[in-house]
Amino acid sequence: MYKKIMMNRKINKVAVLGSGIMGSRIACHFANIGVEVLLLDIAPKDLTEAEQAKGLSLDSPVVKNRIVNTALQTTLKSNPSPIYSKRFVSRISTGNFTDDMAKIADYDWIIEVVVENLNIKKSVFEEVEKYRKPGSLITSNTSGIPIHLMAEGRSADFQAHFCGTHFFNPPRYLKLLEIIPTPHTKPEVVDFLMHYGDKYLGKTTVCCKDTPAFIANRVGVYSIMALLHNVEKLGLSIEEVDKYTGPALGRPKSATFRTSDVVGLDTMIKVANGLYENCPNDKARDYFKLPAFVEKMSENNWLGDKTKQGFYKKIKNAEGKSEILALDLKTLEYKPQQKIKSATLEMTKNIDKVADRMKVFAQAKDKAGELFRTSFFGLFEYVSDRIPEIADELYRIDDAMRAGFAWELGPFEVWDAVGVKEAIEGMKAMGHEPATWVNDMLAAGFTSFYKVENGVRHYYDISSKSYKVVPGSSDLIVLDHLRENNTLYKNAGASIIDLGDGILGVEFHSKMNTIGGDTLTAINKAIDMAEKDYKGVVIGNNGANFSAGANVGMIFMMAVEQEWDELNMAIKLFQNTSMRIRYSSIPVVVATHNLTLGGGCEFSLHADHCQMSAETYMGLVEFGVGVIPGGGGSKEFALRAGDEMKDDQIVQNALKERFLTIGTAKVSTSAVEAIEMGYIQKEKAGITMNSARLLADAKAKALELANSYTKPSPRKNIKVLGNQGLGIVYAGANSMYSGNFISEHDKKISEKLGYVMCGGDLSAPQEVSEQYLLDLEREAFLQLCTERKTLERIQSIIKSGKPLRN
């Protein structure tokens with residue numbers, strides 16, 4: 001029945017009612033996945049001066065749709081962008097409640113995103129009831145109003161197809177989608193939304209109970225408010241708190257106070273006040289009272305970025321340079337930020353796995369350890385007490401916190417990492433007690449909240465007092481769960497892991513997943529193994545990024561030491577690996593996500609298929625280092641430009657577009673844009689909305705290709721322009737240099753790239769081989785590495801510790 005419902009219900013058209021920040025962004029995200037969207041809002045009650053000057057009236061269509069159109073255009077200008085491609089904006093049509101509400105009769109899903117006022121929402125739903133077709137979905141994006149109250153007085157069919165769908169802002173980037181049914185919501189509607197949100201919207205869908213603030217905000221705001229109350233007691237500055245609660249703990253760089261400034265202190269205050277009012281039986285209720293300094297900040301309108309100051313304030317100092325000051329919570333005066341040093345942070349710096357850092361924090365004797373114990377021991381008590389109030393299963397709380405607040409580990413996962421029994425001893429010493437069910441779990445011999453069996457994750461189920469499979473986990477490939485038993489080969493930079501069903505996986509695990517000799521060795525070895533005993537290879541990982549590119553430190557050292565033969569061999573190995581990916585006798589699929597730069601992009605260009613997370617930021621960024629793509633990227637763009645050449649005009653345009661993509665170091669802002677920019681050919685591209693499914697999708701594609709795979713042959717018929725094209729390139733580079741748009745070194749890089757893409761010094765256009773172009777590419781790369789400016793750029797990048805990205 002479940003599968004039948006999944007197949008029968010299709011979402012082709014979605015109506016979004018309310019065009020504010022959330023409404024417009026939700027509309028954009030549905031447009032991202034190919035859905036036709038109708039975005040509606042109220043009609044204005046007054047004319048602007050400009051409208052009056054034009055002689056317009058309140059009945060003029062341009063006036064009636066002013067609110068919705070202005071809101072959408074504002075959203076489209078926001079950074080980061082809510083839309084995968086500018087082309088997709090055409091999928092959104094706009095209108096107003098007065099003239100266009102009747103159109104929802106043709107729509108499959110109506111999402112209400114109006115102001116957080118129960119009476120207003122109920123009046124909107126009264127209008128919806130008049131026009132919606134029976135069986136269509138109706139949901140509310142409320143963040144706190146009880147879902148069941150909104151459905152009161154509506155028809156049985158309305159109530160059966162109604163529930164809450166709480167997106168987190170910004171909806172394109174934050175993964176959480178909370179699904180909140182009422183007692184009247186059909187189970188199959190909940191099942192559908194859980195499935196659709198996961199597979200099509202790319203969300204971590206969490207089914208919540210209709211309790212105040214649902215799951216993520218209930219736990220997240222408790223965590224923040226508890227910290228705000230404790231920070232003064234611990235004598236910590238906001239800089240210290242943000243240093244201790246950021247990436248070292250598996251949290252965003254914005255940590256605690258910077259995150260508050262971005263989100264808005266008023267937003268947190270509103271949720272905290274609502275929880276204090278609506279949770280009278282919560283024993284931690286007093287934590288939702290506002291500390292005195294927060295009340296004072298609210299009175300002063302110090303709400304964060306939206307009011308130009310909050311816990312931090314950006315100013316121009318005496319030298320005219322921008323400086324960010326930090327608020328002193330004792331004096332409520334802004335002061336220069338202090339650099340924070342911590343023995344605990346130093347100890348955890350070289351511990352790669354976040355889970356392994358948790359015991360270090362828990363046992364630390366400095367301020368970082370004290371803050372950790374104060375925060376997490378209280379949090380452990382709080383989340384254990386919330387079951388079964390807000391959720392019956394503990395994994396739902398962890399899922400919500402990871403996806404909604406970007407925590408790498410949820411609270412029960414942190415508790416496991418510290419040790420359940422050991423943490424309880426610490427909790428009791430600080431006056432905290434876990435819920436009874438936790439003690440019962442330990443008494444029954446269950447020592448952790450999670451365990452992995454045969455590569456599949458299980459959670460402790462309180463009602464049955466046994467471990468159960470986390471729903472959906474058997475459909476995913478999580479390398480952490482396979483590494484122990486399925487690793488076939490490992491070196492310092494990469495591992496080969498058996499993914500099952502005859503597919504090998506190559507996982508990078510260097511810093512930022514940069515590519516060096518170890519990585520190249522592992523890729524070649526995996527292809528060797530697969531050609532002999534397996535069906536195919538997937539190159540991918542579960543890390544923060546696919547790859548930030550080649551190891552520039554290695555290139556710098558060889559160039560400084562003038563080890564030109566060694567550098568030549570290293571570049572040749574890189575090129576050969578790219579060619580091996582393309583011309584092996586088994587399919588090779590690359591699974592990309594987030595940063596896919598330089599060499600990571602070059603591997604993607606050569607793969608039989610590139611399965612991309614929707615959030616793939618791909619580019620050939622070598623120009624910024626002072627070189628050209630040297631792992632086959634320059635060759636490949638010359639090949640593709642040649643394939644696009646048909647007549648003289650197209651010849652020049654094809655060369656120009658490919659040249660500029662590399663020359664301007666363009667990086668895609670989405671997987672869709674990576675295809676539009678020509679990095680990945682459409683016929684070799686797949687897009688996975690939910691990054692958790694990426695490796696599984698890549699494996700499935702490798703198996704599909706393996707069923708009828710034919711080994712391709714290297715190309716020997718690539719059209720190049722020779723001197724005809726070089727004239728165009730050199731003239732353009734000289735013009736840019738003369739106009740002071742590029743430096744002398746940039747001019748030299750441009751000429752070297754043009755030399756490769758045009759096939760070198762050839763008297764007339766002709767056909768050349770891939771190997772011919774690779775040799776030119778390698779020669780140009782090595783020549784640029786001898787330049788002082790190139791070495792200076794590489795050294796600067798190494799010092800910054802940041803990936804090169806335009």
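All of these numbers come straight from a predicted model, not from anything done at the bench. (Residues numbered from 1 in each chain as written. Predicted model: local features only at pLDDT ≥ 70, side-chain atom pairs only at ≥ 80, totals over all residues. Heavy atoms only, no water.)

The subject of this paragraph is the pairing of strand β7 (residues 176-181). For β7, the buried fraction is high: five of the six residues fall into the buried class. One ladder, built from five bridges, connects strand β6 (residues 162-167) with β7; its direction is antiparallel. From the neighbouring strand, Cys-163 faces β7, where its bridge partner is Pro-181. The pairing of β7 with strand β8 (residues 204-207) spans four bridges and is parallel. Paired with Leu-177 across the two strands is Thr-205, which belongs to β8. Traced from β7 through helix α10 (residues 187-199) to β8, the parallel crossover comes out right-handed. (Buried < 20%, exposed > 50% of the residue type's maximum accessible area, 1.4 Å probe, protein only. Helix = DSSP H or I, 4+ residues; strand = E, 2+ residues; numbered from the N terminus. Pairing = 2+ DSSP bridges. Right-handed = clockwise from strand over helix to strand, strands pointing away.)

Below, the discussion takes up helix α17 (residues 354-363). All of the buried residues in α17 are Val-354, Arg-357, Met-358, Val-360, Phe-361 and Ala-362. Residues of α17 that are buried in the fold lie against α12 (238-244), α16 (343-348), α18 (367-385) and α20 (411-418). (Contact = heavy atoms within 4.5 Å.)

With that settled, consider the nonpolar core. If you look at the biggest cluster of nonpolar residues, it comprises 115 residues, and the most contacted ones within it are Phe-311, Ile-397, Phe-412, Trp-415, Trp-437 and Phe-449. Non-local contacts of Trp-437, meaning those with residues more than four positions away in its chain, are made with Ser-384, Ile-387, Leu-394, Phe-412, Phe-449, Tyr-460 and Ile-462. Counting 54 residues, the second largest nonpolar core, distinct from the first, contains Leu-605, Ile-680, Val-756 and Leu-782. (Core = buried A, V, L, I, M, F, W, Y, C linked by side-chain atoms within 4.5 Å.)

Time to look at the side chain of Glu-239. Relative to the elements of secondary structure, Glu-239 occurs in helix α12. A polar contact of 3.1 Å, which involves the side chain of Glu-239, links it to the backbone nitrogen of Gln-338. In contact with Glu-239, other than residues within four places in its own chain, are Tyr-312, Ala-326, Lys-335, Pro-336, Gln-337, Gln-338 and Ile-340. (Polar contact = N/O pair within 3.5 Å; in protein donor to acceptor, adjacent residues only side chain to side chain.)

The next thing to look at is the side chain of Thr-245. Tracing the chain through its elements places Thr-245 in the loop between α12 and α13 (257-263). Classification of Thr-245 by relative accessible area gives buried; the value is 6%. A distance of 2.6 Å separates the side chain of Thr-245 from the backbone oxygen of Val-241, its partner in a polar contact. A distance of 2.9 Å separates a polar atom in the side chain of Thr-245 from a polar atom in the side chain of Thr-256.

For the rest of this paragraph, the subject is the packing of helix α21 (residues 420-429) against helix α22 (residues 436-443). Two elements in contact, α21 and α22, have axes whose closest approach is 11 Å; the angle formed by their N-to-C orientations is 135 degrees. The orientation of α21 relative to α22 falls into the category oblique. Pair α21 / α22 crosses with left-handed handedness. Facing Val-420, Lys-421 and Ile-424 of α21, the residues of α22 in contact are Val-438, Asn-439, Met-441 and Leu-442. For the contact of α21 with α22, the per-class residue count stands at five nonpolar, one polar and one charged. (Axes fitted to C-alpha atoms, helices over the stretch in contact; angles between N-to-C directions. Parallel < 35°, antiparallel > 145°, perpendicular 65-115°, else oblique. Left-handed = near helix turned anticlockwise from the far one by under 90°. Nonpolar A, V, L, I, M, F, W, Y, C, P; charged D, E, K, R; others polar.)

Below, the discussion takes up the pattern of salt bridges. The final tally for this structure, using the stated rule, is 51 salt bridges. Two residues, Asp-99 and Lys-64, come together in a salt bridge whose shortest N-O distance is 3.0 Å. Of this pair, Asp-99 sits in helix α6 (residues 97-100) while Lys-64 sits in helix α4 (residues 61-64), and the two are 35 residues apart along the sequence. A salt bridge links Arg-218 to Glu-389, with the shortest nitrogen-to-oxygen separation between them at 3.0 Å. Of this pair, Arg-218 sits in helix α11 (residues 216-233) while Glu-389 sits in the loop between α18 and α19 (394-405), placing them 171 residues apart in sequence. Salt bridges linked by common partners bring Arg-582, Lys-635, Glu-636, Arg-640 and Glu-770 together as one network. (Salt bridge = Lys/Arg side-chain N within 4 Å of Asp/Glu carboxyl O.)

The subject of this paragraph is the sheet that holds strand β11 (residues 333-336). Judged by pairing direction, the sheet is antiparallel, and its three strands sit side by side in the order β9-β10-β11 without closing on themselves. Either end of the sheet is taken by a strand with one partner, and the two such strands are β9 (312-316) and β11. Taking the axes of each pair of neighbouring strands and ignoring which way they run, one obtains an average angle of 45 degrees across the sheet. Alignment of strand β10 (residues 322-328) against β11, held across four bridges, turns out to be antiparallel. Its bridge partner lying in β11, Asp-328 is registered against Glu-333.

Another aspect to go through is the confidence of the model for the chain. Per-residue pLDDT for the chain averages 94, and the proportion of residues at 70 or more is 97%. In this model, residues 1-6 is a region of pLDDT below 50 whose contacts with residues beyond four sequence positions or in other chains number seven contacts. (pLDDT = per-residue confidence, 0-100.)

Take unusual backbone geometry next. Most peptide bonds take the trans form, and the phi angle of most residues other than glycine is negative. In this model, Asn-169 is joined to Pro-170 through a cis peptide bond whose omega is 0 degrees. As for its position among the elements, Pro-170 is in the loop between β6 and β7. With omega at 10 degrees, the peptide bond leading from Ile-387 into Pro-388 counts as cis. Mapped onto the elements of the fold, Pro-388 is located in the loop between α18 and α19. At Asp-501, a position not held by glycine, the phi torsion is positive, near 60 degrees. Tracing the chain through its elements places Asp-501 in the loop between β16 (494-500) and β17 (503-508). In the Ramachandran plot, Gln-562 falls in the positive-phi region, its phi being about 55 degrees despite a non-glycine side chain.

This brings us to the sheet that holds strand β12 (residues 450-453). If you walk across this open sheet you meet the three strands as β12-β13-β14, and the pairing is antiparallel. Because the sheet does not close on itself, it has two edges, and the strands there are β12 and β14 (466-469). Adjacent strand axes in the sheet meet at a mean angle of 40 degrees when their direction is disregarded. Pairing of strand β13 (residues 456-461) with β14, which is carried by four bridges, proceeds in the antiparallel orientation. Considered in β14, the bridge of Tyr-460 is made with Tyr-467.

In the structure shown here, the tally under the stated rule is 31 aromatic pairs. Look at Phe-405 and Trp-407: their rings are 6.3 Å apart centre to centre, the planes differ by 65 degrees, and that puts the pair in the edge-to-face class. Owing to a relative accessible area of 21%, Phe-405 belongs among the partly exposed residues under this scheme. The exposure class assigned to Trp-407 is buried, which follows from its relative accessible area of 7%. On the numbers, 6.2 Å between centres and 10 degrees between planes, the contact of Phe-412 with Trp-415 is stacked. Of this pair, Phe-412 and Trp-415 both sit in helix α20, separated by three residues, roughly a single helical turn. Residue Phe-412 is classed as buried on the basis of its relative accessible area, which comes to 0%. A connected cluster of aromatic rings, assembled from ring pairs, spans Phe-361, Phe-372, Phe-376, Phe-377, Phe-380, Phe-412, Trp-415, Trp-437 and Phe-449. Sitting over the ring of Tyr-382, Arg-386 keeps its end group 4.4 Å from the ring centre. (Phe/Tyr/Trp six-rings, centres within 6.5 Å; stacked < 30°, edge-to-face > 60°. Lys NZ or Arg CZ within 6 Å of the ring centre and 35° of its normal.)

With that settled, the discussion passes to a negative patch on the surface. Together, Glu-561, Glu-563, Asp-565 and Glu-566 make up a region of like negative charge exposed at the surface. Exposure remark for Glu-563: the relative accessible area of 32% places this residue in the partly exposed category. (Patch = residues over 30% accessible without salt bridge, like charges linked within 9 Å, V, L, I, M, F, W, Y side chains within 5 Å. Areas by Shrake-Rupley, 256 points an atom, 1.4 Å probe, with all protein chains shown as cover. Lys, Arg positive; Asp, Glu negative; His and termini not counted. Charge placed at Lys NZ, Arg CZ, Asp CG, Glu CD.)

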